[in-house]
Amino acid sequence: MKPKMQPDKAVIFSGAGLSAESGLPTFRDADGLWNNHSWFELASPQAWASQPEVVQAFYNERRHKAWEAQPNAAHLAIAALEATCEVVVITQNVDALHERAGSTQVIHLHGELAWARGTSAEPKRYHLGGESIAMGQCCEDGTQLRPDVVWFGEQTRNMDVARRHLRNAGKVLVVGTSLTVHPAASLLGAVHYMAQKVLIAKERPEAMPPRFHFACGNAATLVPRLIQRWSSALSCI
Ligand code: APR
């Protein structure tokens, strides 16, 4: 049965472009990480097996930079919307900028850079913030600590709960993503056909999700404007 749409529930689906104005690189823009590094040699189980110290160093540097970065106006506007309605953030990003801006419902699909985990079947997680992981630094079960992020070929997390929120949201903002990575991008097929649907990015994704309005520009400029419009409309209910 089609879930009932909740007009005053907002879901934000974010990607690396949301954190670009906080100084963190995206992946596929001209200066993106995967245009200057091989994702297969840095973000795959095969890379971890063959050169773990290189992978560890790559993520240590990213973790430190992500922890030094500050939430931008877009993160802050998304967090402030919680004063007006239910807001659920579904993010492909591994930084903690949504949480540090004040968002309280954040679902990470690709893991979290500020956390480390063991490499056993039932790994334990440890919060690091911006700290490095050393080779030889082990989990309490004795296994080597690794970044608690999802590498290419590993299972994307929280897909079911993310899909449930997208199914009944009355407002959906997709921001700062090229929608090129699946299964994350496929989640947008769950959006209720009656929901308000906006996509903000600097370039129109090749695979625009159906019935989304595309707004071309910077997230730190366009997201606060959209959130202001949503808040004004909701506050007069
Ligand atoms: N404001 C708004 N959008 C921006 C900005 C900005 N300041 N800067 C860049 N963008 C947009 C680009 O137009 C592009 O559409 O952000 C998007 C970034 O796309 P990608 O670099 O592909 O990042 P993302 O879509 O988040 O990648 C998804 O790929 O490698 C994996 O795990 C990684 O989670 C990541 C996934």
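Small disclaimer: the values here were computed from a predicted structure and weren't measured.

1. A look at the overall build of the chain
1) Next: Broken down by element type, the chain carries nine helices and nine strands.
2) Next: Taken against the 2.2 N^0.38 rule, which gives 18 Å for 237 residues, the C-alpha radius of gyration of the chain at 18 Å falls within 12% of a compact globule.
3) Next: Considering only C-alpha atoms, the chain reaches an extent of 55 × 40 × 30 Å along its principal axes.
4) Next: The buried share of the chain, taken over its 237 residues, is 52%.
5) Next: Here the contacts in the chain between residues at least 6 apart in sequence split such that 64% fall between residues at least 24 apart.
6) Next: Of the roughly 11,400 Å² of accessible surface on the chain, 52% is carried by carbon and sulfur atoms.
7) Next: Distance between charge centres in the chain, computed from 23 positive and 22 negative side chains, equals 10 Å.

2. Overview of the sheet that holds strand E2 (residues 86-91)
1) Next: Spatial ordering of the open sheet is given by E3-E2-E1-E7-E8-E9, a layout of six strands whose pairing is parallel. Among the strands making up the open sheet, the edge pair consists of strand E3 (106-108) and strand E9 (213-216). Within this sheet the neighbouring strands show an average axis-to-axis angle of 20°, counted without direction.
2) Next: Bridge analysis of strand E1 (residues 6-14) against E2 gives six bridges, and the strand direction is parallel. Paired with Ala10 across the two strands is Val87, which belongs to E2.

3. Notes on the pattern of salt bridges
1) Next: Across all of its chains, the model carries seven salt bridges by this definition.
2) Next: With a closest N to O distance of 3.3 Å, Arg117 and Asp148 form a salt bridge. In this pair, Arg117 sits in strand E4 (residues 111-117) while Asp148 sits in strand E6 (residues 146-149), placing the two residues 31 residues apart along the sequence. The pair Arg117 / Asp148 is uniform in exposure class, with both members buried.
3) Next: Salt-bridge contacts for Asp160 lead to Arg163; the nearest nitrogen and oxygen are separated by 3.3 Å. In this pair, Asp160 and Arg163 both sit in helix H8 (residues 159-168), three residues apart, roughly one turn of the helix.

4. Overview of the packing of aromatic side chains
1) Next: Counted under the stated rule, the structure contains eight aromatic pairs.
2) Next: Geometrically, the ring pair formed by Phe58 and Tyr59 is edge-to-face, given 5.1 Å between the ring centres and 85° between the ring planes. We note that Phe58, like Tyr59, is buried.
3) Next: These aromatic residues form a ring-pair network of at least three members: Phe27, Trp34, Trp39, Phe40, Trp48, Phe58, Tyr59, Trp151 and Phe152.
4) Next: A cation over a ring is seen here: Arg100 above Trp67, with NZ or CZ 5.0 Å from the ring centre.
5) Next: Over the ring of Trp115 we find Arg125; its NZ or CZ atom is 4.1 Å from the centre of that ring.

5. Digging into the site of the ligand
1) Next: Residues in close proximity to the ligand total 23 residues, the closest being Phe27, Arg28, Trp34, Thr177 and Ser178.
2) Next: In the environment of the ligand, an oxygen atom lies 2.6 Å from a nitrogen or oxygen atom belonging to the side chain of Ser178.
3) Next: Protein chains shield 95% of the accessible area of the ligand, which is 730 Å² for the free molecule.
4) Next: Split into classes, the residues belonging to the shell around the ligand amount to eight nonpolar, ten polar and five charged.
5) Next: Counting residues domain by domain, the shell around the ligand receives three or more from each of domain 1 (1-24 + 70-110 + 152-237) and domain 2 (27-68 + 117-149).

6. Some points on the domain arrangement of the chain
1) Next: Splitting the chain by domain gives domain 1 (1-24 + 70-110 + 152-237) and domain 2 (27-68 + 117-149).
2) Next: Of note, the centres of domain 1 and domain 2, computed from C-alpha atoms alone, are 26 Å apart.
3) Next: If you look at the interface, domain 1 gives 16 residues, while domain 2 gives 17 residues.
4) Next: Summing both sides of the interface, domain 1 and domain 2 together bury roughly 1,300 Å²; the carbon and sulfur share of this comes to 51%.
5) Next: On the domain 1 side of the interface with domain 2, the three residues burying the most area are Phe152, Glu154 and Arg157, jointly 44% of the side's total.

Conventions we followed
Chains are numbered independently. Their residues run from 1 in the order of the written sequence. The model is predicted, so local features are restricted to residues of pLDDT at least 70 and side-chain atom pairs to those at 80 or more, both for listing and for counting; the totals for chains, interfaces and linings are taken over all residues. Each side-chain value is worked out from all heavy atoms of the structure, with water and hydrogens disregarded. Helix and strand assignments follow DSSP, with helices taken as H or I runs no shorter than four residues and strands as E runs no shorter than two, numbered in order from the N terminus. For the radius of gyration, the atom set is restricted to C-alpha positions; the globular benchmark scales as 2.2 Å times the number of residues to the power 0.38. Burial classification: accessible surface area is computed with a 1.4 Å probe over protein chains only, and a residue below 20% of its type maximum counts as buried, one above 50% as exposed, and the rest as partly exposed. Residues are treated as being in contact if the distance between any of their heavy atoms lies within 4.5 Å. Where accessible areas are quoted, they stem from the Shrake-Rupley method and a 1.4 Å probe; at the residue level, only the protein chains shown are allowed to cover. Neither His nor the chain termini are counted; the positive set is Lys and Arg, and the negative set is Asp and Glu. To locate a charge, take NZ of a lysine, CZ of an arginine, CG of an aspartate or CD of a glutamate. The pairing criterion for strands is at least two bridges between them, as found by DSSP. Axis geometry follows a simple rule: fit a line to the C-alpha atoms, using only the stretch in contact for helices, then measure angles between N-to-C directions, giving values from 0 to 180 degrees. The term salt bridge refers to a side-chain nitrogen of Lys or Arg lying within 4 Å of a carboxyl oxygen of Asp or Glu. Two aromatic rings, drawn from Phe, Tyr or Trp (for Trp, its six-membered ring), form a pair once their centres lie within 6.5 Å of each other, and the interplanar angle then sorts them: stacked below 30 degrees, edge-to-face above 60, tilted otherwise. Should the NZ of a Lys or the CZ of an Arg lie within 6 Å of a ring centre and within 35 degrees of the ring normal, that charge is described as sitting over the ring. Here a residue is considered near a molecule or strand provided that any single heavy atom belonging to it is located within 4 Å of it. Here a polar contact is taken to be a pair of N or O atoms separated by no more than 3.5 Å, where protein atoms must pair a possible hydrogen donor with a possible acceptor and residues adjacent in sequence count only if both atoms sit in side chains. Gly counts as polar in this scheme, as do all residues outside two lists: the nonpolar Ala, Val, Leu, Ile, Met, Phe, Trp, Tyr, Cys and Pro, and the charged Asp, Glu, Lys and Arg. The domain limits used here are those given by an automatic or database domain assignment. Buried area: the accessible area, evaluated with a 1.4 Å probe, that two parts lose upon being put together, summed over both parts.

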